[in-house]
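Examining the three-dimensional arrangement
Below, each chain spelled out in residue letters.
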Amino acid sequence: MFEAVLTVFALPFGPLNNHHPTNMTESPGQQIIDACLRMQSEGINQGSAGNISVRSNDGFLITPSGMAYERMAPEDMVQMSLEGKPTGKWKPSSEWRMHLDIYRSRPEAGAVVHAHSTFCTALACLRRDIPPFHYMVAVAGGRDIRCSDYALFGTQELSDAMLAALEGRRACLLGTHGMICFHDNLERALKLAIEVEALAKQYWHACQAGEPVLLSDEEMAPVIERFGGYGQAHQSE
Ligand SMILES: [Zn+2]
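Here's a quick rundown of the structure.

Calculation criteria
- Each chain carries its own residue numbering, running from 1 in the written order of its sequence.
- pLDDT decides what is reported in this predicted model: residues at 70 or higher carry local features, side-chain atom pairs at 80 or more are listed and counted, and totals for whole chains, interfaces and linings draw on all residues regardless.
- The basis for the side-chain values is all heavy atoms of the structure; hydrogens and waters are excluded.
- Strands are treated as partners if at least two bridges between them are detected by DSSP.
- Labels follow the DSSP assignment, with helices taken as runs of H or I lasting at least four residues and strands as runs of E lasting at least two, numbered in each case from the N terminus.
- In what follows, residue pairs with any heavy atoms lying within 4.5 Å of each other are defined as contacts.
- Here an axis means a line fitted to C-alpha atoms, over the contact stretch when the element is a helix, while the angle between two N-to-C directions is reported on a 0 to 180 degree scale.
- Any two cysteine sulfur atoms lying within 2.5 Å of each other are counted as a disulfide.
- Accessible area is worked out with a 1.4 Å probe on protein chains only. A residue is then buried under 20% of its type maximum, exposed over 50%, and partly exposed in between.
- Donor atoms (N, O, S) are those found within 2.8 Å of the metal centre, with the cutoff raised to 3.2 Å for Na, K and Ca; water is not part of the atom list, so apparent gaps in a site can occur.
- When four donors show all angles between 85 and 135 degrees the site is tetrahedral, when four or six donors have opposite pairs over 155 degrees and all other angles between 65 and 115 it is square planar or octahedral respectively, and in every other case it is irregular.

Section: the sheet that holds strand β3 (residues 78-81)
In spatial order, the strands read β4-β3-β2-β1-β5-β7-β6; together these 7 strands make up an open sheet with antiparallel pairing. With partners counted over all chains shown, the strands left at the sheet margins are β4 (86-87) and β6 (171-174), one partner each. Looking at chain direction, strand β5 (residues 111-115) and strand β7 (residues 178-183) are connected through 5 bridges and run antiparallel. By the bridge assignment for β7, A111 is matched with H183. Contacts from helix α2 (residues 28-42) reach β1 (51-56), β2 (59-62) and β5 within the one sheet, and its direction differs from that of β1 by about 155 degrees.

Considerations on the state of the cysteines
Should the sulfur atoms of two cysteines be covalently bonded, the bond is a disulfide. Counting across every chain of the model gives 0 disulfides. Cysteine C120 remains unbridged, with the sulfur of C181 as its closest cysteine sulfur at 8.8 Å. Classification of C120 as buried rests on a relative accessible area of 0%.

Focus on the coordination of the zinc ion
Within the first shell, the zinc ion binds the protein through E95 (OE), H114 (NE2), H116 (NE2) and H177 (NE2), at distances of 2.0 to 2.1 Å. Considering all 4 donor atoms around the zinc ion, angles at the metal cover 94 to 147 degrees and the coordination shape is irregular. Read N to C, the donor residues that coordinate the zinc ion are spaced as E-x18-H-x1-H-x60-H. Pair noted here: E95 is in the loop between β4 and α3 (96-105) and H177 is in the loop between β6 and β7, with a separation of 82 residues, a long-range link. Residue H177 is classed as buried on the basis of its relative accessible area of 9%.

Have a look at this one:
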């Protein structure tokens, strides 16, 4: 088991091997476009519902509202301040407030990915947390991946519900909406979004066949530590 843990743990640091590699020498705007296209090819996005941002220039750079990813150019990205003021020729994604509140309240966040991926959204519509049915759940930073309460998209109420569900985590489901996650850079945030969707799919399938056996806190603790999570051991250091 630990061999598997170590192999998977190494993944966020390894090269991407798919059609739209994120090249760190590209401009932040182009990195966002590459990541949006990768969301499409990985099947974790529905239409242009997903949105991505990276921390930059004392604020963050985010995808514009309602523009097809294939038509985006780096200069179409919208720069926002940490006071929520946009600059640029387009309006920011209607979900900019969730991104803003993550950058404001989580200093370790370097990039945010939001998507309406199918299995995360299906569980979110049932208002189900993802429990420790598999050790990989720790990739989000703790023993489970919570589902937030529902609130209207684009509102402060939704953002507040999201922050509560993200406490001690770097990913959560959004009630009757989708999922959101962050990491210290865009490549890791995108990998986390793909992993959380895979976990949601596995949990969904396991529930079809019966009641998954959950790992105990004692079984999850060493995994959380290896994954660099927000477990007790880290908080007390
Ligand atoms: Zn959304």
